[in-house]
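Summary of the model geometry
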Amino acid sequence: MTDQFSICSRCFKDEGLQLDAERIGINNNNKKCVNCLSNKGKKLTKELVRKLCYIFFVRGTIEKFDYGGFPIIQMNEHKSNRKKSVELSEHLEKDAKLIESAGEIGLFYYAPRFWMFGEIEPLKDLQSDKRSKIIEKVFDLYPTKQITTGESFYRLRLNPENPEDPNEYDSPPDEFIGNGRLDDENLPLLYGSQDLQICIHECRTTVEDNIYVGKLRPEKNLKLLDLTELIEEEEGVTEFDSLDLAIHFLFLAGKHSYKICREISKAAFKKNYDGIIYPSYFSFVSNGLVPFETIYGISIRRYEKLKEYAKSQVIPNLALFGRPIKNKILTVECINKVLINQVYYDTTFGPAAHNGFGPIPEENEML
Ligand SMILES: [Zn+2]
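The structure contained in this document is the topic of the report that follows. (Residues numbered from 1 in each chain as written. Predicted model: local features only at pLDDT ≥ 70, side-chain atom pairs only at ≥ 80, totals over all residues. Heavy atoms only, no water.)

What follows concerns the pairing of strand E6 (residues 106–109). Neither face of E6 is open: one carries Gly106 and Phe108, the other Leu107 and Tyr109, and all of them are buried. Taken together, the 4 bridges between strand E5 (residues 73–76) and E6 define a ladder with antiparallel strand orientation. Residue pairing for E6: Asn76 is matched across the bridge by Gly106. (Buried < 20%, exposed > 50% of the residue type's maximum accessible area, 1.4 Å probe, protein only. Helix = DSSP H or I, 4+ residues; strand = E, 2+ residues; numbered from the N terminus. Pairing = 2+ DSSP bridges.)

Let us look at the coordination of the zinc ion. Around the zinc ion, the donor atoms from the protein are Cys8 (SG), Cys11 (SG), Cys33 (SG) and Cys36 (SG), and they sit 2.2 to 2.4 Å away. One can describe the site at the zinc ion as tetrahedral: its 4 donor atoms subtend angles covering 99 to 125° at the metal. Considered as a linear motif, the donors of the zinc ion on their single chain read C-x2-C-x21-C-x2-C. Taken as a pair, Cys8 in strand E1 (residues 7–8) and Cys33 in the loop between helix H1 (15–24) and strand E2 (43–44) lie far apart in primary sequence, 25 residues in all. The same class applies to Cys8 and to Cys33, which are both buried. (Donors = N, O, S within 2.8 Å, 3.2 Å for Na, K, Ca; no water. Tetrahedral: all angles 85-135°; square planar, octahedral: opposite > 155°, others 65-115°.)

Applying the stated criterion across every chain, the model contains 23 salt bridges. For the salt bridge of Glu136 with Lys271, the shortest nitrogen-to-oxygen distance reads 3.3 Å. One end of the pair, Glu136, is in helix H5 (residues 131–141); the other, Lys271, is in the loop between helix H8 (258–270) and strand E12 (275–279), with 135 residues separating them in the sequence. Residue classification places Lys271 among the partly exposed positions, given a relative accessible area of 33%. Residues Arg301 and Asp244 are paired through a salt bridge, measuring 2.8 Å at the closest nitrogen-oxygen approach. Here the residue Arg301 occupies a position in the loop between strand E14 (298–299) and helix H10 (307–312), and Asp244 occupies one in helix H7 (residues 243–251), the gap between them amounting to 57 residues. Here the salt bridges share partners, and the residues they tie into one network are Arg113, Glu233, Glu239 and Arg302. (Salt bridge = Lys/Arg side-chain N within 4 Å of Asp/Glu carboxyl O.)

Without other data, these values stay purely geometric and don't point to any function.
What follows is the structure in structure tokens.
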């Protein structure tokens, strides 16, 4: 019975660790914890201790950069290999030691590969005067997708003046355009999604808002550039040259990336596309998944067997050029009021401080 409960949620001083442990631990009040002697805590096996360690110290220290991101702290079973233990605040240090011994693991500062924080050639070119060359490559490698007259999608409006008027669901008037990820002062866009939850996130909705949704259907088949696809790249292309990772990171980046996204959008308009399908910035928080996931320092997007899984993590959004409702390219089939009855946040915790970034990252160094 070596894999019996070694510690429990009551063993920890840190509030976040206690709560994370309670969430995954096993209910067993008949037994006292061998470590803290309480019988009230949720019990943890060695495997659960490792899971807890991943949730709190690895996922909990994921740092987002301008492009990309990685966990500052990692764990492994080779305690003896670790160069330097992680420096934590005093109370957390005790908890971490307990986790390391009960889970038979070690914590260390992760040495990321440079592509993980955006050192990807096509991504750097997109930020430079070589942008148009990469955008041409995007059109060569990404597929065209049709949205047919048999399909529909949603468009959300917050506080519209005349919610029952179909024109309210068209692209915004001239004075309000040019602020989104893909629209430009000269290029109005209608944003929508087949996923209503994503529409609610994308509109930064609050409980104060009066929310309305239009169900829109194309009047003709629409030709769209599909940037949610996981593209096949040439043999020998590494993460450092990957257009797939460049585009993936671009759409998971914040407002500083909009300028580049808008150039792709304008190019698609010039090439007579009706619009773009693109990955939602909220894909990961909506799915509850870990962004920028890697295995042994390699992106899961590059494992043949994990490609379908990697693709399923991304939630597609739609952006259609011009004013498709006014131009009768879309019909507003139905309008409803949307009520947010309950908001639930799924949370886990991480350390508030972990003493900086550890050693300077070394290229090609893996877990
Ligand atoms: Zn305990």
